[in-house]
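Close look at the chain arrangement
Letter by letter, the chains look like this.
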Amino acid sequence: MSEEIDSAQRVAIGISFGNSYSSIAFTTSEGKAEVIANEEGDRQIPSILSYVDGEELQGTQAKAQFVRNAKNTVAYFRDFLGQEFKSIDPTPCHQSAHPVQHESTIAFKIRDTAEEAENTITVSEITTRHLKRLKNSASEYLGKKVNAAVITVPTNFSDAQKTALSKAAKEAGIEVLQFINEPVAAVLAYDARPEAKLADKIILVADLGGTRSDVAVIASRGGIYTILATVHDYEVSGFKLDQVLMDHFAKEYMKKHKSGGDPRENDRSSAKLKLESEAVKKALSIGTSANFSVESLANGLDFTATINRTRYDLLASKHFAAYARLVTHAVEKAQLDPLDISEIILAGGNSHTPKVASALRSAFPDSTTILAPSTSPTSINPSELSVRGAAIQASLIQRFELEDIEQSTHPMVTVTPHLSHAVGVLCISGEESSGVFHAIVDAETPLPVRRSAIIATPREGGDVLIKLCEGAGHIKVTKPEPKPKKEKEEKDSDDDDESEEEEEELREKTWKVGKVLAEAALKGVKKGAKVEVQISISASLDVNCIFREVGGKGGVRGLLAGPKLVQNGSA
Amino acid sequence: MAAVQIALPLPVLPEGWSGERDFKAIEHLSHATDRNIEPVGPHFLAHARRKRHKRTFSEDDRIQAQVNVKKVEDDDSGEISEPEDPLMLQREAKDWKGQDHYAVLGLSKYRYRATEDQIKRAHRKKVLKHHPDKKAAAGGTEDDQFFKCIQKATEILLDPAKRRQYDSVDEGANVEPPTKKETQKGNFYKLWGKVFDSEARFSKVQPVPKLGNENSTKAEVEHFYNFWYNFDSWRSFEYLDEDVPDDNENRDQKRHVERKNQNARRKKKTEDTARLRKLVDDALALDERIRKFKQQEHAQRNKKRLDKEAEQKRLAEEAAKTKEEEARLKAEKEAAEKAEKLESKKAKEAAKNAAKKNKRVVRGSVKEANYFHSAGDVPAAQIDFALNDVDLIITKVDNEELAALTSKLSSKKDPGEIKQIFQEEVKRLVGAGKLKEGETKSLSA
Ligand SMILES: Nc1ncnc2c1ncn2[C@@H]1O[C@H](COP(=O)(O)OP(=O)(O)OP(=O)(O)O)[C@@H](O)[C@H]1O
């Protein structure tokens, strides 16, 4: 690798490269990620290239070519990188250049020069060209030549896909320092905010993009992230939401112009319809109504119409419901309960849609924070989460040698034993004579780990017992008392059936006490004193504990050896 | 990480607890799960620094480290695959109503059981294969008919409302009830179990009770048939509607078709309810358990009857016995009474005789006492008085007193003594209020 850039000379940015949109960002000297607008002023740059008489258009300008120059416009190609033709879904390219098989790879046949002849341009080449444009926009903005990047990818991006992307980037003069997973980048974007506090929690990232939606359930433990489950879906997507509006306006158009024909049946009309529908969808994220207006939609007839948000929410309701089911499915796949989810980060462009957030709001308990523009004033723009995370990661590692980065991300470093159960202590509470479990280290915490807890003591002080246990999360369901039915029927007989809806059962997260690991005695604890418990668990599951009175002398230490390894697995 | 704050107090150390240096190890931690942590963020870099410890890892290490890692991403390969019927591949999209949506997606085995996730995966798999661009690449025609069938199937199966409508009429999921002959070959539970499992998909109430087997209890079987005779079905028949004309011109025609559809749906629903009812009737008629329970019941009822008869017999016998006993007792009693009467008659007679004798003695003693005359010859009046007085005394005393008086008087010869005894007797009688003072003329003191 003769061309490898000296790490001191690196100018690294973060790139999010989606099928629909791409973004670029850098981290300021104050450590703040900033999203860069390209020459056209776009921060969400359509991942689209179009060629008009040999001139290359990119982004919004290229997207506009769907109408007149669809055949020479290449879009929605990211997922084709590093894949074989037989395993790609060409559906999103319906209204632009179609992918074709080219040797063992995928290509597009387009007129990308002023010549009449079509050229076969591989998906790698297209990617290179697109990344070059992004790189140039960033360089322009930063005033220095960008030569490296952290790029976000979906969690199911294969090694072959990464290799292909890495190569394409290299051709564009970008050294990929690291690929990071999109949902993890979103978590990092939130955690990198100065006001963020380090906490152990389960975060769900729900990314509703243009061509796909991806959900990840992530354990965040002391700032270290572990993906517990993911789902990927190509049915619930921004495309489908656009389609709802396309169908709506097409029908409205046909109602108005009886002999106008169906605009969906003509490529150009359909492209216009789609572009305007997407614009209307975006407008409805902010406003409660939006205008649809297309000159010469079909048969030379102009068409304007208005739609309000409620109407749209209703038309697309089954997609929102499907999305909520998808997200819940991810929780099930992680073998968790909605009550286990502390936060949902809404990512991807469609998360601007208020109904997307409210559909998740009603599918999850109140204890789950929903971070979306319409539910939280402090949320980060969902379209920018990936790229911000990438920019932050880029700033963290840009001075590393490539070899260093490779070694640091090696499975010997990343593969880590995770606690299968929470570890904590038993406390006394009024109703439970056997004691109540209180977690100190949560399940799915990577090892080694050290955590401490400050615990109250009995009112009179004295000798206390510390029982170290394992605990398993458990959902306690309380059925509501059935209301006396007769009375209800008499009173509300002429009301709507709202009152007949079943009372919701009460669900709470509690703990089931598991194995008792160890016991310790602290004697002569002062009245009103507190006890500090410190637990360190090694990768081989040795537990070192220290128990002492806060502010007191001495204390008790103990060692609980880990289980003998049964297999010759990692230690 | 900040320390966890726990407000609930620790328990008091139990009496007699002991541990070496106040610590007691009890059980190991449960085994850990190997997972990949994300190589992202400042905390990861700190972790990496510690873990690498200036070592260099090789490709072998990579393989070694990953052996036990818990996978997060699914492999998309395999799982759903079934051969595609060449005839099906020639279908026209416009005939979508008649297509088997599950077969189109390769989910014939799953049908109403297919999960949303399975449908999506199946769809993607079919798209990858049948997208018109793929066919064009393979040198085929630009024919996108089957691709459209796939899209239609997916549209219906991923829409919960439309899927229900289709599932309502999905013939592929129907399990025909076995004939009487088939059933009687002895596979009732297996054959009918499948039928009910399939019908159960239409139940609004879930879970649906199972047919069970020969060991099911009577209560279970009764619950089963009760459930099926009161089956609450969501099955509906709008999928089979005739197309309603879409244009606004022909309103009457539109309304006419709509009305026709409504009626057809209602009719089909009624027929379906009847069909299910007959099905349950047939199963019930063939269900051996019903006969078994009837027999048991019959036997039980018989047993009851026999028991009752035996009881009656026993009661009758008992009554007869009591009666006999009573008669016997009565006879005994009568005999005893008779004997007693005889006895008392004898006693009375004896007493009478004794009294007579005693009276004689008493009267005799008057003579002995010289009729209470001081000395010498007794005037006749005195004799009368004395005899009257003694008779008066005799009438005032009962037999026992008479006997007592007699025994006092017997062998007494001295007139004074005899008189005194009489006088004492008079005194006793006066004291008892049976005589008045001075009523006895000869015995006054
Ligand atoms: N303000 C908005 N309101 C509603 N939808 C929006 C908004 N902005 C963007 N979108 C939609 O978000 C989608 C693009 O999402 P995103 O920017 O995450 O793309 P992406 O990551 O490239 O997606 P994919 O790779 O799935 O195609 C498009 O469907 C777009 O219409």
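Thresholds, definitions, all that
Residues numbered from 1 in each chain as written. Chains lettered and ligands numbered in written order. Predicted model: local features only at pLDDT ≥ 70, side-chain atom pairs only at ≥ 80, totals over all residues. Heavy atoms only, no water. Core = buried A, V, L, I, M, F, W, Y, C linked by side-chain atoms within 4.5 Å. Buried < 20%, exposed > 50% of the residue type's maximum accessible area, 1.4 Å probe, protein only. Helix = DSSP H or I, 4+ residues; strand = E, 2+ residues; numbered from the N terminus. Domains from an automatic or database assignment. Contact = heavy atoms within 4.5 Å. Buried area = accessible area lost by both parts, 1.4 Å probe. Polar contact = N/O pair within 3.5 Å; in protein donor to acceptor, adjacent residues only side chain to side chain. Nonpolar A, V, L, I, M, F, W, Y, C, P; charged D, E, K, R; others polar. Near = heavy atom within 4 Å. Areas by Shrake-Rupley, 256 points an atom, 1.4 Å probe, with all protein chains shown as cover. Pairing = 2+ DSSP bridges. Axes fitted to C-alpha atoms, helices over the stretch in contact; angles between N-to-C directions. Parallel < 35°, antiparallel > 145°, perpendicular 65-115°, else oblique.

Describing the nonpolar core
Residues and elements named next belong to chain A. Counting 50 residues, the largest nonpolar core has Leu-204, Phe-249, Tyr-323, Ile-344 and Leu-360 as the members making the most contacts within it. At 8 residues, helix H8 (residues 317–333) tops the list of elements feeding residues into this core. A domain-level breakdown of this core finds at least three residues from each of domain 2 (197–236 + 317–380) and domain 3 (238–315). Residues contacting Ile-344, with those up to four places away along its chain left out, are Leu-204, Ala-206, Leu-360, Phe-364, Thr-368, Thr-369, Ile-370 and Leu-371. Judged by nonpolar contacts, the second largest core, of 47 residues, contains Ile-13, Ala-62, Val-153 and Ala-164.

Topic: the domain arrangement of chain A
Residues and elements named next belong to chain A. The domains assigned to chain A are domain 1 (7–182 + 386–414), domain 2 (197–236 + 317–380), domain 3 (238–315) and domain 4 (417–491 + 502–567). On a C-alpha basis, the centroid separation for the pair domain 1 and domain 2 is 26 Å. With 12 residues of domain 1 at the interface, the matching set in domain 2 holds 9 residues. Here domain 1 packs against domain 2, burying approximately 740 Å² in sum over the two surfaces, 51% of which is carbon and sulfur. Run the count over domain 1 and domain 2 and you get 5 residue pairs in polar contact (both at pLDDT 80 or more). Its residues assigned to classes, the side of domain 1 that touches domain 2 shows 3 nonpolar, 5 polar and 4 charged.

Describing the site of the ligand
All names here are of chain A. Near the ligand there are 19 residues, and of these Ser-20, Thr-211, Glu-278, Lys-281 and Ser-285 occur at the shortest range. Taking Ser-285, its side chain carries an N or O atom lying 2.6 Å from a nitrogen atom of the ligand. Separating an oxygen atom of the ligand from a backbone N or O atom of Asn-350 is a distance of 3.2 Å. Compared with its free state, where it exposes 650 Å², the ligand has 90% of that area covered by protein. When residues of the shell around the ligand are assigned to their parent elements, the largest contribution, 4 residues, is made by helix H6 (residues 267–286). Split by residue class, the shell around the ligand holds 1 nonpolar, 13 polar and 5 charged.

Remarks on the sheet that holds strand S8 (residues 99–102) of chain A
Residues and elements named next belong to chain A. Overall, antiparallel pairing links the 3 strands, which are arranged S8-S9-S10 in an open sheet. The sheet terminates laterally at S8 and strand S10 (119–122), the two strands that pair on one side only. If you compare each strand with its neighbour and ignore which way they point, the axes differ by 50° on average. When strand S9 (residues 105–110) meets S10, the two strands line up antiparallel, connected through 4 bridges. From the neighbouring strand, Ile-110 faces S10, where its bridge partner is Asn-119. Sheet strands touched by helix H2 (residues 123–142): S9 and S10. Its angle to S10, the strand with the most contacts, is close to 75°.

Observations regarding the packing of helix H7 (residues 145–157) of chain B against helix H8 (residues 160–168) of chain B
Residue and element names in this part refer to chain B. As a packed pair, H7 and H8 sit with axes 6 Å apart at the nearest point and diverge in direction by 105°. Looking at the two axes, H7 sits roughly perpendicular to H8. Contact with H7, carried on its side by Glu-155, Ile-156 and Leu-157, involves Lys-162, Arg-163 and Tyr-166 of H8 and no other residues of that element. Looking at side-chain class alone, the contact of H7 with H8 contains 3 nonpolar, no polar and 3 charged residues.

Some points on the pairing of strand S26 (residues 531–537) of chain A
Residues and elements named next belong to chain A. Judged by how many residues are buried, S26 sits mostly within the fold: 6 of 7 residues are covered. Of the strand pairs in this sheet, strand S23 (residues 449–456) and S26 are connected by 7 bridges, and their pairing is antiparallel. Across the sheet, Ile-454 pairs through a bridge with Glu-532, a residue of S26. In this structure, S26 lies alongside strand S27 (residues 543–549), joined through 7 bridges in antiparallel fashion. Residue pairing in the sheet places Gln-534 in a bridge with Ile-546 of S27.

A short note on the sheet that holds strand S21 (residues 422–427) of chain A
Taken in spatial order, the 5 strands of this open sheet run S22(A)-S21(A)-S24(A)-S25(A)-S2(B), and their pairing is antiparallel. Of all the strands in the sheet, the pair left with one neighbour each is strand S22 (436–441) of chain A together with strand S2 (23–25) of chain B. Across the sheet, the mean angle from the axis of one strand to that of its neighbour is 40°, orientation sign disregarded. Bridging between S21 of chain A and S22 of chain A involves 5 bridges; their strand directions are antiparallel. What sits directly across from Cys-427 of chain A, in S22 of chain A, is Val-436 of chain A.

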